[in-house]
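Spelled out, the chains give:
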Amino acid sequence: DAGVTQSPTHLIKTRGQHVTLRCSPISGHKSVSWYQQVLGQGPQFIFQYYEKEERGRGNFPDRFSARQFPNYSSELNVNALLLGDSALYLCASSFPGETQYFGPGTRLLVL
Amino acid sequence: EDQVTQSPEALRLQEGESSSLNCSYTVSGLRGLFWYRQDPGKGPEFLFTLYSAGEEKEKERLKATLTKKESFLHITAPKPEDSATYLCAVQAATGNQFYFGTGTSLTVIP
């Protein structure tokens, strides 16, 4: 069975630009969560979506937004990129309230 | 405030030298405690879920235990391929958010 997939794997952007990251969950999982992981730190929670509705939001500015589609895939959007947004962005899928399984991540570099 | 603290930050072991990693947590009601392994530049790989104090889980050279305030990941006779960062996360009884620690970077020297 395919695990969580994310695209793209790597991305280079400049300050002020916008970025869209994509995630496909494990088949049968309806919950998707997004995390930001800065080098040397643990993942920080950004959003959780279940059945296309936002179920949780971490302490991130409004420049960060997300949505979930009818097929349970998800997009994370970040506007007006800052240097500090450079990180590994992780997507995790799960059954609601259960173990989260992570994708390989998207490495974003903001110059 | 829900918090997770992992220690030590880094650990170097000789091959075969057993040790333990610690994860202490404060959470308003624990739904679950999770251990993950993360290799550089990759996503975390699920290892164990523990739900209640006294619970233990084993997988190959790894054993995870849980008390009311902390969890231990015991590594028995580690091999170089066990080198990775080990992350601990907790999920509160209310809400779905996972809170992660900063991880323990393990290096096993042949």
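In what follows, the structure referred to is the one given above.
One structure accompanies this document, and this report is about it. Within any chain, residue numbers begin from 1 and follow the written order of that chain's sequence. Chains and ligands are labelled by the order in which they are written, letters from A for the one and numbers from 1 for the other. At least 70 in pLDDT is required for a residue's local features to be given in this predicted model, at least 80 for side-chain atom pairs to be given and counted, and no such filter applies to totals for whole chains, interfaces and linings, which use all residues. Only hydrogens and water are set aside; all other atoms, that is, all heavy atoms of the structure, feed into the side-chain values.

### A few points about the state of the cysteines
Item 1. When two cysteine sulfur atoms are found within 2.5 Å, that pair is recorded as a disulfide. Enumeration according to the criterion identifies two disulfides over all chains in this entry.
Item 2. Bridging C23 of chain A to C91 of chain A, the disulfide has an S-S length of 1.8 Å. Because the torsion about its S-S bond is -65°, the bridge between C23 of chain A and C91 of chain A counts as left-handed. Linking C23 of chain A in strand β3 (residues 19-24) with C91 of chain A in strand β9 (residues 87-94), this pair joins segments that are 68 residues apart in sequence. The burial state of C23 of chain A is the same as that of C91 of chain A; both residues are buried.
Item 3. Linked covalently through their sulfurs, C23 of chain B and C88 of chain B form a disulfide whose S-S length is 2.0 Å. In this structure, the disulfide formed by C23 of chain B and C88 of chain B twists by about -60° around the S-S bond and is classed as left-handed. Taken as a pair, C23 of chain B in strand β3 (residues 19-26) and C88 of chain B in strand β9 (residues 84-92) lie far apart in primary sequence, 65 residues in all.
Item 4. Taking the relative accessible area as the measure of exposure, C23 of chain B reaches 0% and is therefore buried. In DSSP terms, a helix is any run of H or I states spanning at least four residues, a strand is any run of E spanning at least two, and both are numbered starting from the N terminus. For every residue, the accessible area (1.4 Å probe, protein chains only) is compared with the maximum for its type, and the residue is labelled buried under 20%, exposed over 50%, or partly exposed between those bounds.

### A short note on the interface of chain B and chain A
Item 1. Across the contact, 19 residues belong to chain B and 20 residues belong to chain A.
Item 2. Accessible area that two parts lose when put together, with a 1.4 Å probe and added across both, is what the buried area reports. Considering only the surface of chain B that becomes buried against chain A, N96, F98 and F100 of chain B emerge as the three largest contributors, covering 30% of it.
Item 3. Here, a salt bridge means any side-chain nitrogen of Lys or Arg that lies within 4 Å of a carboxyl oxygen of Asp or Glu. Inspection of the chain B/chain A interface yields zero salt bridges.
Item 4. Here a polar contact is taken to be a pair of N or O atoms separated by no more than 3.5 Å, where protein atoms must pair a possible hydrogen donor with a possible acceptor and residues adjacent in sequence count only if both atoms sit in side chains. Here chain B and chain A share four residue pairs in polar contact (both at pLDDT 80 or more) between them. Residue contacts are counted whenever heavy atoms from the two residues lie within 4.5 Å of one another.

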